[in-house]
Amino acid sequence: MKFNIRKARKKDLPSVLVLIKELATFEKAPHEVKVTLKELERDGFGKKKTYDCFVAETSENKIVGIALYYIKYSTWKGKCIYLDDIIVTESMRGKRIGKKLFDEVITIAKKLKVRKLEWQVLNWNKPAINFYKKYSTVFDNEWINCKLIFE
């Protein structure tokens, strides 16, 4: 199947949200998705844009994957990119879509001259871990993830 990778457009966001919810279900946390279509529109296409997104689109104009990322700043490294998620719909996995999305984010990281591209992967997601190993990824066993949740 043919597909292309391109920057997301505002009209893609309903499909993006479907993929976000699909990932949450895969990660056994569908109840955790709080983001709305309106928020995705505001935060990705509004006056104060906070993220960028690539989509994988089939020749039938169906969105089957996304890579959502944003610029962050490290006190030690300076400008970095945080890849929040790569999501490929289950029926399209294994077709190199995730690789193409990841490669596109790497291209942007190099173009922006960031010093670090980082992301997280669940320790039980062996297919994703094996995928990232192909890129000589440094897996960090030292840092503990922390968060505050405001609802």
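Look up: the structure comes first, before these words.
Residues numbered from 1 in each chain as written. Predicted model: local features only at pLDDT ≥ 70, side-chain atom pairs only at ≥ 80, totals over all residues. Heavy atoms only, no water.

Things to note about the sheet that holds strand E2 (residues 52-58)
The following threshold applies: By definition, two strands form a pair when at least two bridges between them are found by DSSP. Secondary structure elements are taken from DSSP: a helix is a run of H or I of four residues or more, a strand is a run of E of two residues or more, and numbering for both begins at the N terminus. Here an axis means a line fitted to C-alpha atoms, over the contact stretch when the element is a helix, while the angle between two N-to-C directions is reported on a 0 to 180 degree scale.
Reading across from one edge, E1-E2-E3-E4-E5 is the order of the five strands in this open sheet, with mixed pairing throughout. The outermost strands of the open sheet, each flanked by one partner alone, are strand E1 (3-7) and strand E5 (116-118). When strand polarity is set aside, the average angle formed by the axes of neighbouring strands in this sheet is 20 degrees. Note: E1 against E2, five bridges, orientation antiparallel. When the bridges of E2 are listed, Asn4 appears paired with Glu57.

Thoughts on the pattern of salt bridges
As a reminder of what qualifies: Here a salt bridge means any side-chain nitrogen of Lys or Arg lying within 4 Å of a carboxyl oxygen belonging to Asp or Glu. Burial classes: relative accessible area under 20% of the type maximum marks a residue as buried, over 50% as exposed, and values in between as partly exposed (1.4 Å probe, protein chains only).
Under the definition given, this model contains eight salt bridges. Between Glu57 and Arg6 there is a salt bridge, with the nearest N and O atoms lying 3.1 Å from each other. Of this pair, Glu57 sits in strand E2 while Arg6 sits in strand E1, and the two are 51 residues apart along the sequence. By relative accessible area, Arg6 is classed as buried at 11%. Several salt bridges share partner residues, and in doing so they unite Arg6, Asp12 and Glu57 into one network.

Concerning the pairing of strand E3 (residues 63-74)
When E2 meets E3, the two strands line up antiparallel, connected through six bridges. The residue of E3 that forms the bridge with Glu57 is Ile63. Sheet topology places E3 next to strand E4 (residues 78-88); ten bridges connect them, and they run antiparallel. Its bridge partner lying in E4, Ile71 is registered against Ile81.

Quick word on the state of the cysteines
The test is simple: The term disulfide is used for any two cysteine sulfur atoms that are within 2.5 Å.
Counted according to the given criterion, the structure contains zero disulfides. Residue Cys80 stays outside any disulfide, its sulfur separated by 18 Å from that of Cys146, the closest cysteine.

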